[in-house]
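# Notes for the structure review
The primary structure of each chain is shown beneath.
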Amino acid sequence: MDLFLNAIVSGVLLGAFYAAVAVGLAITFGQLDIVNIAHPAFVVVGSYITWILNSRFGLDPVLVGVLAAPVFFFVGALLYRIYYAAFERTGQESLSGLAFFFGVMFIVEVILILVYGVDYRLVSAGYLGENLDIGFIGLPLRLFVPFVVASAMTAAVWLYLSRTFTGRAILAVAQDRLALQLMGADPVKIKQFAFGLAIATTAIAGSLLIMIGPVEPSLGRVYIGRAFAIVVLGGMGSIPGMVIAALLLGVTESFVSSFAGPSWAPAVAFGVLLLTLAVRPSGLFGRA
Amino acid sequence: MVNRRSFARAFAAAGALAFAAGALVPAAAHAQKPLKIGFSMALTGGLAGAGKAALIAMEIWREDINKKGGLLGRQVEFVYYDDATQPAKVPPIYSKLIDVDKVDLVVSSYGTNEIAPAMPIVMRKKLVFPSLFGLAVNDEFKYNRYFQIMPAGPEPKVDWSRGYFELAMEQNPKPKTVAIVAADAEFPINAATGARKNAQAKGLKIVYDKTYPPATTDFTPIVRAIEATSPDIVYVASYPPDSVGMVKAANEVGLKAKMFGGGMVGLQFAAIQKNLGPLLNNVVNYDFWVPEPTLKFPGVNEFLAKYRVAAKDKGVDPFGHYLPPFAYAYLQVLEQSVNAVKSLDQDKLAQHMHKTTFQTVVGEVKFGSNGEWARSRVLFVQFRDVQKDNLDQFAGPGKRIVLYPKNWKSGDIVYPYRK
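Residues numbered from 1 in each chain as written. Chains lettered and ligands numbered in written order. Predicted model: local features only at pLDDT ≥ 70, side-chain atom pairs only at ≥ 80, totals over all residues. Heavy atoms only, no water.

### What to know about the overall build of chain B
On a plain count of helices and strands, chain B comes out with 14 helices and 14 strands. Structurally, chain B occupies a C-alpha span of about 105 × 40 × 40 Å along its principal axes. Burial statistics for chain B: of 419 residues in total, 58% are counted as buried. Contacts in chain B between residues at least 24 apart in sequence constitute 68% of all its contacts with a sequence separation of at least 6. About 16400 Å² of surface is accessible on chain B, with carbon and sulfur atoms providing 55% of the total. Placing the 51 positive and 38 negative side-chain charges of chain B at their respective mean positions leaves the two points 4 Å apart. (Helix = DSSP H or I, 4+ residues; strand = E, 2+ residues; numbered from the N terminus. Buried < 20%, exposed > 50% of the residue type's maximum accessible area, 1.4 Å probe, protein only. Contact = heavy atoms within 4.5 Å. Areas by Shrake-Rupley, 256 points an atom, 1.4 Å probe, with all protein chains shown as cover. Lys, Arg positive; Asp, Glu negative; His and termini not counted. Charge placed at Lys NZ, Arg CZ, Asp CG, Glu CD.)

### Re the overall build of chain A
A count of helices and strands for chain A gives 11 helices and two strands. Beginning at the N terminus, the succession of helices and strands in chain A can be written as α-α-α-α-β-β-α-α-α-α-α-α-α. Overall size of chain A, expressed as C-alpha extent along the three principal axes, is 60 × 50 × 35 Å. The proportion of buried residues among the 288 residues of chain A is 57%. Considering only residue pairs separated by 6 or more positions, chain A has 77% of its internal contacts joining residues 24 or more positions apart. On chain A, the mean spot of the 14 positive side-chain charges and the mean spot of the 13 negative ones are 10 Å from each other.

### Some remarks on the sheet that holds strand 14 (residues 400–404) of chain B
Residue and element names in this part refer to chain B. Read across the sheet, seven strands follow the order 7-6-8-9-10-13-14 without closing on themselves; strand pairing throughout is mixed. In the strand order of this sheet, the two ends are held by strand 7 (205–212) and strand 14, each with one partner. In this sheet, adjacent strand axes meet at a mean angle of 25 degrees when their direction is disregarded. Across the sheet, helix 7 (residues 156–169) touches strand 6 (177–183), strand 8 (233–238), strand 9 (259–264), strand 10 (284–287), strand 13 (379–383) and strand 14, and the angle it forms with strand 8 is around 165 degrees. (Pairing = 2+ DSSP bridges. Axes fitted to C-alpha atoms, helices over the stretch in contact; angles between N-to-C directions.)

### A short note on the interface of chain A and chain B
Every contact between the two is made by 37 residues of chain A and, on the other side, 38 residues of chain B. For the pair chain A and chain B, the summed buried surface comes to about 3000 Å²; carbon and sulfur atoms form 59% of the total. The interface formed by chain A and chain B contains one salt bridge. A salt bridge links Arg-142 of chain A to Glu-252 of chain B; the shortest N-O distance between them is 2.7 Å. The tally of links from chain A across to chain B stands at nine residue pairs in polar contact (both at pLDDT 80 or more). Those elements that place two or more of their residues in the side of chain A that touches chain B are helix 1 (2–31), helix 4 (95–116), strand 2 (137–140), helix 5 (141–163), helix 9 (220–234) and helix 10 (239–259) of chain A. With six residues, the top contributor of residues to the side of chain A that touches chain B is helix 1 of chain A. For the side of chain A that touches chain B, the residue count by class is 20 nonpolar, 12 polar and five charged. (Buried area = accessible area lost by both parts, 1.4 Å probe. Salt bridge = Lys/Arg side-chain N within 4 Å of Asp/Glu carboxyl O. Polar contact = N/O pair within 3.5 Å; in protein donor to acceptor, adjacent residues only side chain to side chain. Nonpolar A, V, L, I, M, F, W, Y, C, P; charged D, E, K, R; others polar.)

### Topic: the sheet that holds strand 2 (residues 76–82) of chain B
Residues and elements named next belong to chain B. Across the sheet, three strands lie side by side as 2-1-3; this open sheet has parallel pairing. The open sheet is flanked by strand 2 and strand 3 (105–106), the only strands paired with a single partner. Sheet analysis places strand 1 (residues 35–41) next to strand 2, joined by seven bridges and oriented parallel. Paired with Ile-37 across the strands is Phe-78, a residue of strand 2.

### Let's talk about helix 4 of chain A
The end-to-end C-alpha distance of helix 4 of chain A, which contains 22 residues, comes to 32 Å, matching closely the 32 Å that a straight helix rising 1.5 Å per residue would cover. Of the residues making up helix 4 of chain A, those classed as buried are Gly-97, Phe-100, Phe-101, Val-104, Met-105, Val-108, Glu-109, Leu-112 and Ile-113 of chain A. Looking at the packing, one finds that the buried side of helix 4 of chain A touches helix 2 (39–57), helix 3 (61–88), helix 8 (187–212) and helix 9 of chain A together with helix 2 (48–67) of chain B. At the C-terminal side of helix 4 of chain A, Gly-117 of chain A shows a positive phi close to 80 degrees. (Expected span 1.5 Å × (residues − 1).)

### With respect to helix 1 of chain A
Residues and elements named next belong to chain A. Spanning 30 residues, helix 1 covers 40 Å between terminal C-alpha atoms, matching the ideal 44 Å at 1.5 Å per step. Most pronounced at Leu-25, the bend in helix 1 amounts to some 40 degrees. In terms of burial, helix 1 is a largely internal element, 25 of the 30 residues being buried. Count one or two residues on from helix 1 and you reach Asp-33, which has phi positive near 60 degrees. (Bend = angle between axes of the 7 residues up to and from the residue.)

### A word on the environment of Ile-121 of chain B
All names here are of chain B. Looking at where Ile-121 falls in the secondary structure, it is placed in helix 5 (residues 119–124). Counting along the chain gives 29 residues from Ile-121 to Pro-92, while the straight-line C-alpha distance between them is 8.9 Å. For Ile-121, the residues in contact, after removing those within four places along its chain, are Pro-91, Tyr-94, Ser-95 and Ile-98.

### Here we look at the nonpolar core
Membership of the largest hydrophobic core comes to 147 residues, with the highest contact counts inside it found for Ile-37, Tyr-94, Leu-132, Phe-133, Ile-149, Trp-160 and Phe-260 of chain B. The two domains that each donate at least three residues to this core are domain 1 (35–152 + 297–366) and domain 2 (156–295 + 378–408) of chain B. Counting residues in each nonpolar core, the second largest holds 93 residues, with Val-23, Val-145, Val-173 and Met-242 of chain A among its members. (Core = buried A, V, L, I, M, F, W, Y, C linked by side-chain atoms within 4.5 Å. Domains from an automatic or database assignment.)

### Some points on the pairing of strand 11 (residues 357–360) of chain B
Taken residue by residue, a regular strand's side chains alternate between the two faces of the sheet. On strand 11 of chain B, burial follows the alternation: Phe-358 and Thr-360 of chain B on one face are buried, whereas Thr-357 and Gln-359 of chain B on the facing-out side are not. Linking strand 11 of chain B back to strand 12 (residues 363–366) of chain B in an antiparallel pair, the connection comprises two residues.

### Examining the packing of helix 6 (residues 165–175) of chain A against helix 8 of chain A
Residue and element names in this part refer to chain A. It is the contact of helix 6 with helix 8, at a shortest axis distance of 9 Å, that shows an interaxial angle of 110 degrees. Considered as vectors, helix 6 and helix 8 are oriented roughly perpendicular to each other. Contact residues: Thr-166, Ala-169, Ile-170 and Val-173 in helix 6; Pro-187, Ile-190, Lys-191, Phe-193 and Ala-194 in helix 8. Across the contact of helix 6 with helix 8, the residue classes tally to seven nonpolar, one polar and one charged. (Parallel < 35°, antiparallel > 145°, perpendicular 65-115°, else oblique.)

### Overview of the environment of Thr-193 of chain B
All names here are of chain B. If you trace the backbone, Thr-193 turns up in helix 8 (residues 186–201). Sequence separation of Thr-193 and Ser-161 is 32 residues, and the distance between their C-alpha atoms is 9.7 Å. A polar contact is formed between the side chain of Thr-193 and the backbone oxygen of Ile-189, at a distance of 2.7 Å.

### Side note on the side chain of Arg-121 of chain A
Within the element layout of this structure, Arg-121 of chain A appears in the loop between helix 4 and strand 1 (131–134). A polar atom in the side chain of Arg-121 of chain A sits 2.7 Å from the backbone oxygen of Tyr-116 of chain A. Look past the residues within four positions of Arg-121 of chain A in its chain and what remains in contact with it is Tyr-48, Trp-51, Tyr-116, Ile-210, Pro-214 and Val-215 of chain A together with Gly-315 of chain B.

### What to know about unusual backbone geometry
All names here are of chain B. For the peptide bond that leads from Tyr-404 to Pro-405, omega is -5 degrees, which places it in the cis range. Here Pro-405 lies in the segment after strand 14. Between Tyr-415 and Pro-416 the backbone carries a cis peptide bond, its omega angle lying at 0 degrees. The backbone of Thr-85 shows a phi angle near 55 degrees, a positive value even though the residue is not glycine. Taking relative accessible area as the criterion, Thr-85 reaches 17% and is therefore assigned buried. Although it is not a glycine, Phe-133 sits at a positive phi angle of roughly 60 degrees. Note that Phe-133 resides in the loop between strand 4 (129–131) and helix 6 (138–141). Exposure remark for Phe-133: the relative accessible area of 4% places this residue in the buried category.

Spelled out as structure tokens, the structure:
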């Protein structure tokens, strides 16, 4: 029973972190149809910024993530401008755009290697080694703090997209670009803002990543498959769907690790993904 | 006054001189032609941390040898390419090194997965192949010119964990059960295979024996599943990020095993040691060289002093205890062999390497018939009195006590792991 409940709790903590990594991709890939394969690379950049400010000035990792988010927003907006001018405007966004983001990913990795080397980087904070024990359920703060921050960030993004004018405009640009244009809004500016917002989330996700474990420049590649799978399973752009998909993936991985054997975890998790898509081709919360 | 005849004579003399000089220059250049050593190295990708540190050590050797006048009177030059930690890139790199760059000697990249793909190319050309940290690569190839500098021993898979199990069985009461967990990758699976054999040979009951995928983020479910089987000892074969996850999860879950560790790669690196700090205390893990008084081999401290200067601000391990001395030593083996046989004849070099005991910065090196060390020197060290957030504590002795083998022992085990 202990193992069963702890497996669920661990899975939920892990799933919330996966949601933090995938929420930005749910906007870019799910809603804007931009295959930003470099998304996890920006998460790693977020981790490096957290490491620099934590090791040099002792700043709290979460605080660094929040402080870096606005800077990431502007970087994202600028990146979208380049992407728009080079590919989207000329209608070459599908294949050339994918190649562009592949290139961005490699450039980001190489810059990190050249500037900071290839050693593993970690952060320290007083609470990271602590454990919160509630009955027989153990909550390592190394995973619980990322869970709280990830949940807050994902909820904030969801509320923003569903309750504010700009948020709804982002959803609208995904559905019908022409209609939005007829309403007097500039779809390019809306998409630029949305892309900036998506990249801003990677700053916080990066700070969470380095709290959980050590980071090196190419670590982002590990999360490409997972993040895209979560977005697809969630229903391409639905934030609640993405959260449920992330939790499903986290809990499945944790369960299989606890009861069957960890090497089965990805196979079972992605098997669940395939089964779900077979039953609901548009994903959990997708528009049919 | 210069007349036509004297001008013609002077012109002819100048021409002859120029011709002679032209003939002499290539001859002189030939004598000075550098001796090229070729290799691939993981300078980007997952193993780049170790690959870059190895390259720094190799460059120190090159500087040292060139100051001494080079090899066979020729200055030594490296020709190397980044294999990006991708085994598929290794065979074309060695083909190019041998056929296009025409290197005189080859040595290996770092790691099992990068050494194995080079073997067929090197074997076809019958070259001696000093290799850097591959586990049991030659078990399959059985190549008689392969020489492994990692001191795993004649039976690499079993020797790798033998000390861990021998230490465990010396304790009172003797442990009865073991959990074995390994990453789903070639090296950890080889290590786990050896651990299984050792456990069975010692009569230990294996209560948990599973692998996990290398991209695992959270290790607490794995450690909880291990804890649920209540093993007396736990043997872990893991790569650096997983090792960190495992140690943290073991502390968070409160793993009650009496011995924990074994084959965790990464716990030898200063950055990880600093971050894990006191969580490492009493973990027993493999190592190859630590700054304990029993392991002060001639030249090792001088080498490490040079390494520390060269490694500064390069984003690699600042102390370089784990891999760099061996990256220096495998070139010392090559150097001593070339100097002894006074040629680059691959057959003579191989014969010399088989029969000689080499004096290197990692101590005496003697290869067995399969190219592994004739006697294993896999150390098992125990982390002790590790303080929080202190990198410098790992520079000197006292933090990683050598428990095994007895010849190099610097202290006694603290058992059980968690009191």
